[in-house]
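The lines below spell out each chain.
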Amino acid sequence: MTDNLYINGQWTSGSGTRRGAVINPATGETIGAVTFAEAADLDAALAAANAASAGWARTSAYDRAAILKRAAANARAQAEAMAQAITREQGKPLSEARMEAGSAGDHIEWYAEEARRTYGRVIPSRQPEVMQSVMLEPVGPVAAFSPWNFPIGQLVRKLAGALAAGCTIIAKAPEETPTCAMILIQCFVDAGVPAGVLNLVFGVPAEISAHLIPSPVIRKISFTGSVPVGRLLGELAARHLKRTTMELGGHAPFIVCDDAEAEKVALLGAALKFRNAGQVCASPTRFLVQDAVAERFTTAFVARARALRLGDGAAEGTEMGPLAHARRLDMMQALVADALDQGARLLTGGARHGNTGFFFEPTVLADVPLSARIMQEEPFGPIAIVNRFADLPEAIAEANRLPYGLAAFGFSTRTDRTHAMARGIETGMMSINHFGLAAPETPFGGIKDSGHGSEGGSEGILSYLTPKFVSQFNG
Ligand code: NAD
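Residues numbered from 1 in each chain as written. Predicted model: local features only at pLDDT ≥ 70, side-chain atom pairs only at ≥ 80, totals over all residues. Heavy atoms only, no water.

Student: What is the right way to read unusual backbone geometry from this model?
Tutor: When glycine is set aside, most residues are seen to have a negative phi, and most peptide bonds are trans. One non-glycine residue, Leu-241, adopts positive backbone phi at about 55°. Mapping Leu-241 onto the fold places it in the loop between α9 (227-239) and β11 (243-247). Given a relative accessible area of 78%, Leu-241 falls into the exposed group. Positive phi is not limited to glycine here, since Ala-277 has a value of about 50°. Here Ala-277 falls in the buried class, since its relative accessible area comes to 3%. (Helix = DSSP H or I, 4+ residues; strand = E, 2+ residues; numbered from the N terminus. Buried < 20%, exposed > 50% of the residue type's maximum accessible area, 1.4 Å probe, protein only.)

Right under this line is the structure:
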């Protein structure tokens, strides 16, 4: 099927002939192709998003919410089809894909409700005849760029947030995983989203961002991806004075104090680290463990890493799938080799697994010196660093050493310690004594080089709204 683009209410194969290969990362086989949008297709999407903008902004929040609720129901009905497509094209185990696809309906429903709560305010004026009010209005057409690691999870937040706020949107979904994105778009279309309000494109990412961001039609950019690309798009957006939400990389610290239940925390840590083969922006990367429990934590963590069943995500019992790209294998290899050169200890893994597909062994490095590349760069793969600390201020200082600030995790039964971590760690999100990130109703986003703005929570819809101040004289 080549009609992968959705522009102005029509599925289309676009105006060009360029296609990208869609690969099953568990086998390395090409399983499909995706149409690339050309400049003419992007211009058609811009014209459609522009033409539909005023009508959608004027559609009442109640009517938008009703459409989104139907879209949520459709997404729930299509969850299994989306999950199967995610696993086939991205590689994660079906159980994880089902959780991701299964939550799409919740994200859409949350935003449907939020649409009806986009309250403005009345500001007391200095004269009795004057009424001062602030209305929240949709910012206008959005260009959204979502990545391949959560091909539904990242896309649905941008779509639902923009549409709930009354913005039209052109979404560039990941070329690696087109099928689930197309199913999700159809859920909105079947719910009654008018033509032009929602547009889906694929193509050469740099071409698409270079075309859409400078266009005067586009008023807001939402990007999820790497720090270097975020910087690039941020510069382009700044040149054209466009608002941005940037959800970029992370290098999350996972601090385990000596009063925590080391073995139990190790199992949770391993589950979080190796979820989606480590290709998660909020994945814990630096496990910082207090001396007294370091041995117990490490033994349990390594045992779990060794026991993980690797395989095709579609196969029963698979606990970790392949990396999404062949290029990520080279990166894993390079990071491990460099860490070992710098004096780190390899406790398990460290190599490609098998020679079919893009599997990399769950890997644990210990005592990794600060000079190692992996202590600065986000691995975005199944590599954990386990380093020790003596006292909590030292661990907090290490947590804050890097320019990243997306997610952080802390484990202790002492409230003085959990308080110190919650207050002291520079991060957009902090999860204490459990994993509690990424629900539709909670903000998701980072600080420092991890970006700015939130997706999810009440903050999520605000990023698609702009205040209009009205001062009215009733003399
Ligand atoms: P990459 O930097 O080439 O691409 C990252 C994402 O940005 C991809 O989805 C890609 O399609 C998109 N992209 C790249 N150049 C673009 C451009 N000029 N304009 C618009 N979009 C563009 O890296 P990659 O190899 O695909 O992924 C690995 C890195 O990406 C990781 O190191 C990780 O930091 C980052 N990443 C982060 C997230 C996240 O959730 N924050 C998700 C996926 C990837």
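Picking up after the structure, the text goes on.
Student: Would you explain the site of the ligand in this entry?
Tutor: As a matter of local geometry, the ligand sits amid 21 residues, with Trp-148, Ser-209, Ser-226, Arg-327 and Glu-378 nearest to it. Take Pro-205: an N or O atom from its main chain is 3.3 Å from a nitrogen atom of the ligand. In the model, a nitrogen atom of the ligand is placed 2.7 Å from a nitrogen or oxygen of the Ser-209 side chain. When contributions to the shell around the ligand are tallied by element, the ones reaching two or more residues are α8 (205-212), β10 (220-224), α9 and α12 (326-341). Top contributing element to the shell around the ligand by residue count: α8, with three residues. Tallied by class, residues from the shell around the ligand come to 11 nonpolar, six polar and four charged. Each of two domains, domain 1 (5-248 + 450-473) and domain 2 (252-440), supplies a minimum of three residues to the shell around the ligand. (Near = heavy atom within 4 Å. Polar contact = N/O pair within 3.5 Å; in protein donor to acceptor, adjacent residues only side chain to side chain. Nonpolar A, V, L, I, M, F, W, Y, C, P; charged D, E, K, R; others polar. Domains from an automatic or database assignment.)

Student: Would you mind going over empty space enclosed by the protein with me for this structure?
Tutor: To find leftover empty space, a probe the size of one water molecule is rolled over the atoms. As enumerated under the stated definition, the model contains three cavities of 30 Å³ or more in all. Together, 14 residues line the largest cavity, and Pro-253, Tyr-404, Gly-405, Leu-406 and Ala-407 are the ones closest to its centre. When contributions to the lining of the largest cavity are tallied by element, the ones reaching two or more residues are β12 (252-256) and β17 (407-411). Looking at the lining of the largest cavity residue by residue, the classes come out as eight nonpolar, four polar and two charged. (1 Å grid on protein atoms, 1.4 Å probe; cavity = no way out; pocket = protein on both sides within 12 Å on 5 of 7 lines; lining within 4 Å. Points joined across faces, edges and corners; volume = space filled by probe spheres on them.)

Student: Which parts of the structure should I look at to understand the packing of helix α10 (residues 262-274) against helix α11 (residues 291-307)?
Tutor: A pair of packed helices is characterised by two quantities: the angle between their axes and the separation of those axes. For the pair α10 and α11, the least separation of the axes is 8 Å and the interaxial angle reads 45°. One finds that α10 runs oblique with respect to α11. Every pair of crossing elements has a handedness; the one defined by α10 and α11 is right-handed. Residues Ala-262, Glu-263, Val-265, Ala-266, Leu-267, Gly-269, Ala-270, Lys-273 and Phe-274 of α10 lie in contact with α11, whose contacting residues are Val-293, Arg-296, Phe-297, Ala-300, Phe-301, Arg-304 and Ala-305. A class-by-class count of the residues in the contact of α10 with α11 yields 11 nonpolar, one polar and four charged. (Axes fitted to C-alpha atoms, helices over the stretch in contact; angles between N-to-C directions. Parallel < 35°, antiparallel > 145°, perpendicular 65-115°, else oblique. Left-handed = near helix turned anticlockwise from the far one by under 90°. Contact = heavy atoms within 4.5 Å.)

Student: Help me understand the sheet that holds strand β13 (residues 284-290) in this model?
Tutor: Sheet strands line up and pair through hydrogen bonds in the backbone, either parallel or antiparallel. Spatially, the seven strands line up as an open sheet ordered β14-β15-β16-β13-β12-β17-β18, and their pairing is mixed. Two strands close off the open sheet at either side, each with one partner strand: β14 (345-348) and β18 (429-432). Pairwise comparison of adjacent strand axes, ignoring direction, gives a mean angle of 20° for this sheet. Note: β13 against strand β16 (residues 383-389), five bridges, orientation parallel. When the sheet's bridge partners are listed, Phe-287 is paired in β16 with Val-386. Those strands touched by helix α13 (residues 392-401) are β12, β13 and β16, and its axis lies near 165° from that of β13. (Pairing = 2+ DSSP bridges.)

Student: What is the right way to look at the domain arrangement of the chain in this model?
Tutor: Put simply, an interface is often sized by how much accessible area is lost when its parts join up. Domain annotation of the chain identifies domain 1 (5-248 + 450-473) and domain 2 (252-440). A straight line from the C-alpha centre of domain 1 to that of domain 2 covers 31 Å. With both chains or domains summed, domain 1 and domain 2 bury close to 2100 Å², and 59% of this area falls on carbon and sulfur atoms. Three residues stand out in domain 1 for area buried against domain 2, namely Ala-26, Trp-148 and Ser-450, and they jointly supply 24% of the buried area on that side. Summed over the shared surface of domain 1 and domain 2, the result is zero salt bridges. At the boundary of domain 1 and domain 2, one finds 11 residue pairs in polar contact (both at pLDDT 80 or more). Listed by contribution, the elements that provide at least two residues to the side of domain 1 that touches domain 2 are α3 (79-90), α4 (94-102) and α5 (104-115). Per-element tally for the side of domain 1 that touches domain 2: the top contributor is α5, with three residues. By residue class, the composition of the side of domain 1 that touches domain 2 is 10 nonpolar, 10 polar and six charged. (Buried area = accessible area lost by both parts, 1.4 Å probe. Salt bridge = Lys/Arg side-chain N within 4 Å of Asp/Glu carboxyl O.)

Student: Whenever I open this one, the environment of Gly-460 confuses me. Can you help?
Tutor: Topologically, Gly-460 is positioned in helix α15 (residues 457-462). Owing to a relative accessible area of 1%, Gly-460 belongs among the buried residues under this scheme. Considered as a pair, Gly-460 and Leu-308 are 152 residues apart in the sequence and their alpha carbons are 35 Å apart. Ignoring any residue separated from it by four or fewer positions in sequence, one finds Gly-460 in contact with Tyr-111, Ser-454 and Glu-455.

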